[in-house]
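# Structural features, examined
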Amino acid sequence: MAHAVTLIPGDGIGPEIVAAARRVVDASGAEIEWRTVEAGEAVMESEGTPLPERVLDSIRETGVALKGPITTPVGSGFRSVNVALRKQLDLYVNLRPALSIPGVRSRYEDIDLVVVRENTEDLYAGVEHMVGEDAAESIKIITRKASERVVRFACEYARREGRRKVTAVHKANILKYSDGLFLETARQVAAEYDDVEFEDRIVDNMCMQLVQKPELYDVLVLPNLYGDIVSDLCAGLVGGLGVAPGANIGDQMAVFEPVHGSAPKYAGQDKADPTATILSATLMLRHLGEGEAADRVTAAVRQVIGAGEHVTYDLGGDAGTAEMADAIIAAMQ
Ligand code: NAD
């Protein structure tokens, strides 16, 4: 039976790369019934909100979405649709695998890391205010519940995917209460998984170690802010944003999307690299139990990038988005 999936094209380069990913998934052997819904700038004027309730309802119904990037106006205008989606659907894990792809220019080879970032609290809870005119406070919120479920996800993921180790990342030496609670909770949860090795690192040391000895690490689990920063560091280790996939996962639903944004300067030019969105779609296929289709797509992406002929500008080629997708589809056949 076909899997129903909500498809959100997004804006900027979103519609082009999502169309490319959709064609690749359709050629992978998995049967998907796509339900397209618009969000972001495109519906802001007509519906008065960038995130209409029908978008959320569609994801609640299907449980799974593939999403293009959505522009967030700077300073004024609407708040981030991306953050609102994660909050409203309680997608508490941001999963970002960083895997080297031969042919992608990078300073490193053989990187294989998975970042599990807490997605709902920490300094992103949005509790901020001015104190008088010359000071501001942003409150960092860490709870046992959110720490527990994200660390449990990391341990379950490690077990399921046959990974060897989970490293909890924190600054508990300085932030004794908030990060102290995260670390204490992480240790308690990890103790239930005697088949998964567990350790912890202080975040500044972690950054240096990832640059110097990335091969020592495997699955990293972090509170929201460190997770945001360290996951971009890891994307940099494998060649940058154009090839970095991501997923936002909760107990009931999951939204798969590239790590990068809507790159408005390339919108409508058939120039953007579809790889990150296609690899996000492979995470989605695995989530749907379509592991073989995911493997076929991943192998084809690696083959096309390795050959270097039909790749986009950021990968050193001059192919367009659609041409690269065509090459990936041809490689699968
Ligand atoms: P961005 O990721 O859109 O682009 C930064 C640069 O990276 C681009 O100028 C381009 O050179 C390169 N790039 C990104 N994706 C690429 C691709 N697929 N192929 C080739 N090159 C690519 O970051 P930004 O410029 O900071 O953000 C633009 C908009 O996207 C903002 O409104 C931001 O809020 C939004 N955004 C959305 C999401 C999301 O939807 N989840 C995530 C990040 C940023």
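For the structure itself, look to the data block above.
Residues numbered from 1 in each chain as written. Predicted model: local features only at pLDDT ≥ 70, side-chain atom pairs only at ≥ 80, totals over all residues. Heavy atoms only, no water.

Let's shift gears to the overall build of the protein. A tally of helices and strands in the protein yields eleven helices and twelve strands. Computed over its C-alpha atoms, the radius of gyration of the protein comes to 20 Å, within 12% of the 20 Å expected for a compact globule of 333 residues. Projected onto its principal axes, the C-alpha coordinates of the protein cover approximately 55 × 45 × 40 Å. Looking at the protein residue by residue over its 333 residues, the buried ones come to 54%. Pairs at least 24 apart in sequence give 72% of the contacts found in the protein among residues at least 6 apart. Counting every atom, the protein has about 14,900 Å² of accessible surface; 50% of that belongs to carbon and sulfur. Looking at charge distribution, the protein has the averaged site of its 33 positive side-chain charges lying 4 Å from that of its 51 negative ones. (Helix = DSSP H or I, 4+ residues; strand = E, 2+ residues; numbered from the N terminus. Rg over C-alpha atoms; globule rule 2.2 N^0.38 Å. Buried < 20%, exposed > 50% of the residue type's maximum accessible area, 1.4 Å probe, protein only. Contact = heavy atoms within 4.5 Å. Areas by Shrake-Rupley, 256 points an atom, 1.4 Å probe, with all protein chains shown as cover. Lys, Arg positive; Asp, Glu negative; His and termini not counted. Charge placed at Lys NZ, Arg CZ, Asp CG, Glu CD.)

Summed over the entire model, instances satisfying the criterion amount to two aromatic pairs. With a centroid separation of 6.2 Å and 20° between ring planes, the pair formed by F153 and Y157 is classed as stacked. Taken as a pair, F153 and Y157 lie in helix α5 (residues 144-160) at a separation of four residues, close to a single helical turn. The class of F153 is buried, set by a relative accessible area of 14%. You can call Y157 buried: its relative accessible area is 10%. Both rings, one in Y266 and one in Y313, keep their centres 5.2 Å apart while their planes meet at 50°; by these two values the pair is tilted. With Y266 in the loop between β12 (254-258) and α9 (275-287) and Y313 in the loop between α10 (291-307) and α11 (321-332), the pair connects residues that are 47 residues apart, well separated along the chain. Accessibility expressed as a relative area gives 18% for Y266, which makes it buried. Over the face of the ring belonging to Y124 we find R117, whose NZ or CZ atom lies 5.3 Å from the ring centre. (Phe/Tyr/Trp six-rings, centres within 6.5 Å; stacked < 30°, edge-to-face > 60°. Lys NZ or Arg CZ within 6 Å of the ring centre and 35° of its normal.)

Looking now at the nonpolar core. Residues I32, L95, V116 and M284 are the most contacted members of the largest nonpolar core, which totals 65 residues. For this core, the two domains that each supply at least three residues are domain 1 (1-94 + 245-333) and domain 2 (112-237). (Core = buried A, V, L, I, M, F, W, Y, C linked by side-chain atoms within 4.5 Å. Domains from an automatic or database assignment.)

Moving on, we come to the site of the ligand. Surveying the vicinity of the ligand reveals 21 residues, the closest of which are T72, G261, A263, D273 and Y313. Residue T72 places a main-chain N or O atom 2.8 Å away from an oxygen atom belonging to the ligand. Residue N82 places a side-chain N or O atom 2.9 Å away from an oxygen atom belonging to the ligand. Against a free-state accessible area of 810 Å², the protein chains account for coverage of 70% of the ligand. Here the shell around the ligand is built from residues that sort into ten nonpolar, six polar and five charged. (Near = heavy atom within 4 Å. Polar contact = N/O pair within 3.5 Å; in protein donor to acceptor, adjacent residues only side chain to side chain. Nonpolar A, V, L, I, M, F, W, Y, C, P; charged D, E, K, R; others polar.)

Looking now at unusual backbone geometry. The phi angle at D110 is positive, at roughly 60°, despite the residue not being glycine. Along the polypeptide, D110 turns up in the loop between β4 (93-99) and β5 (112-118). For D110, a relative accessible area of 70% puts it in the exposed group.

Relative to the assigned elements, T143 resides in the loop between β7 (135-138) and α5. Judged by relative accessible area, T143 falls into the partly exposed class, the value being 31%. Setting aside residues no more than four positions away along its own chain, T143 makes contact with E121 and L181. Among the polar contacts made by the side chain of T143, one reaches the main-chain amide nitrogen of A146 at a distance of 3.1 Å.

Okay, the pairing of strand β8 (residues 165-170) next. With six of its six residues buried, β8 lies for the most part within the structure. Alternating residues of β8 divide into K165, T167 and V169 and V166, A168 and H170, and every residue in both groups is buried. Each parallel crossover has a hand, and the one from β8 via helix α6 (residues 178-190) to strand β9 (residues 197-202) is right-handed. (Right-handed = clockwise from strand over helix to strand, strands pointing away.)

On to α11. Over its twelve residues, α11 extends 17 Å from the first C-alpha to the last, a length consistent with the 16 Å expected when each residue adds 1.5 Å. On its buried side, α11 packs onto α1 (14-26), α9 and α10. (Expected span 1.5 Å × (residues − 1).)

So, about the pattern of salt bridges. Under the definition given, this model contains 27 salt bridges. Of the charged contacts in the structure, one is a salt bridge between K67 and E257, with a shortest N-O distance of 2.6 Å. Of the two residues, K67 is situated in strand β3 (residues 64-67) and E257 in strand β12; the sequence distance between them amounts to 190 residues. Take K67 and E257: they sit in the same class, and that class is buried. R286 is the salt-bridge partner of D295, the closest N and O atoms lying 3.0 Å from each other. Its relative accessible area of 42% is what places D295 among the partly exposed residues. Taken together, the shared-partner salt bridges connect D112, R163, R164 and D218 into one network. (Salt bridge = Lys/Arg side-chain N within 4 Å of Asp/Glu carboxyl O.)

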